[in-house]
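# Residue-level structure breakdown
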Amino acid sequence: MPIERRKGLLSKLSSKISKYTSKSIHTPTQEEKEGFLKAQRLAYQCVTETEKEIREGWTEIQAVKRMETFLRDHGVKAFLHRPFAWFGEHARFDGYKRFTQFHPSKRRLQADESFILDVSPVVDGYIGDIGYSSSLNKNTELDNGMRYLLKLRAELPKLFSSSMSSSEIWHKIDQDAKQNGFDNVHSLYPFAVLGHRVYKVHLPNISFPILPVSFASWFSLQGSFEFLSHKVLPELLTPDHEGEKTGLWAIEPHLGRGKTGFKFEEILVVEKDKAYWLDEQVPHVQKYGKLLEAV
């Protein structure tokens, strides 16, 4: 079955199940927010330290191994998914026919290209799932994309605190991006997700083996178990999501233009009457925020 059809069927299936409750749907406590903040900051430290080391000619696999080493050296033994790295046009997913094509490859980074790094360590039971875009040299297409994404970032808390449903938010972001000349890359993700809930997981303090590469194995044994045990489909913000918005969401708008793909991913806190980012001191705001000031 083509990936586009599978994606549509999965999204529609999620719309039916997302009506049901999940234990992740609750106003987060201060303890939870502090735990997720710690996990998220370690994840960002991982990608920004890797960013400093990446050189022209590195493969996606090299970048992933470096991130895995960093996380292991910092005591991480569990994750939702193994690290991802997408270089150049790979960050757009053009022509992908099967889910295994999302995995890191031997594709080498060129000097004029941008790249995306994505990691999700579990720290003290808290998931820190983040995505980060960068380039070796100045990249105008990336700068323009991140300028737009930071404007979207400023709007997202307002959308989530409004009366709009999750589905309406997904479609508004899709429509606005296309009207501004961007391609919706997250529509190519499994389930076409714009984001997913994060939650505290309860795992034994042991490491799990890395399995041979497959779509399932890239999502770790422990991560997959926890995700499924939380009733996976209500956890995903798809085009058809009908469930509640309250809780903690890893939001990951991923767009493209030309040969370049770009995204950010970070945790959004959604409470009954308000929504806000867990942390304002995130690397993509610090790195690209000056682009907004220059407008």
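Here is a short report on the structure shown in this document. Note that this is a predicted model, so its numbers are computed, not measured.

If you look at the biggest cluster of nonpolar residues, it comprises 39 residues, and the most contacted ones within it are V47, M67, L117 and V119. By residue number, the principal contributor to this core is helix α2 (residues 30-53), which donates eight residues. For V47, the residues in contact, after removing those within four places along its chain, are M67, L117, V119, I130 and Y132.

A separate point is the environment of E53. Of note, E53 is situated in helix α2. In this structure the C-alpha to C-alpha distance between E53 and R66, which are 13 residues apart in sequence, comes to 9.0 Å. The contacts of E53, once residues within four sequence positions are left out, are W58 and R66.

Taken in spatial order, the five strands make up an open sheet running β9-β8-β10-β13-β14, and their pairing is antiparallel. Here the strands that pair on one side only, and so sit at the sheet edges, are β9 (236-237) and β14 (275-277). Of the strand pairs in this sheet, strand β10 (residues 247-251) and strand β13 (residues 266-270) are connected by five bridges, and their pairing is antiparallel. Along β13, the bridge assignment pairs L248 with V269. Across the sheet, α2 lies against β10, β13 and β14, angled at about 160° from β13, the strand it touches most.

Now for the sheet that holds strand β6 (residues 130-135). Strand-to-strand pairing in sheets goes through backbone hydrogen bonds, with the strands running parallel or antiparallel. Judged by pairing direction, the sheet is antiparallel, and its three strands sit side by side in the order β2-β3-β6 without closing on themselves. Edge positions in the sheet fall to β2 (84-87) and β6, since each has one partner strand and no second. Each neighbouring strand pair of the sheet contributes to a mean axis angle of 15°, computed without reference to strand direction. Here strand β3 (residues 114-119) runs beside β6; their pairing, made up of six bridges, is antiparallel. Note that in β6 the partner of L117 across the bridge is Y132.

Calculation criteria
- Residues numbered from 1 in each chain as written.
- Predicted model: local features only at pLDDT ≥ 70, side-chain atom pairs only at ≥ 80, totals over all residues.
- Heavy atoms only, no water.
- Core = buried A, V, L, I, M, F, W, Y, C linked by side-chain atoms within 4.5 Å.
- Buried < 20%, exposed > 50% of the residue type's maximum accessible area, 1.4 Å probe, protein only.
- Helix = DSSP H or I, 4+ residues; strand = E, 2+ residues; numbered from the N terminus.
- Contact = heavy atoms within 4.5 Å.
- Pairing = 2+ DSSP bridges.
- Axes fitted to C-alpha atoms, helices over the stretch in contact; angles between N-to-C directions.

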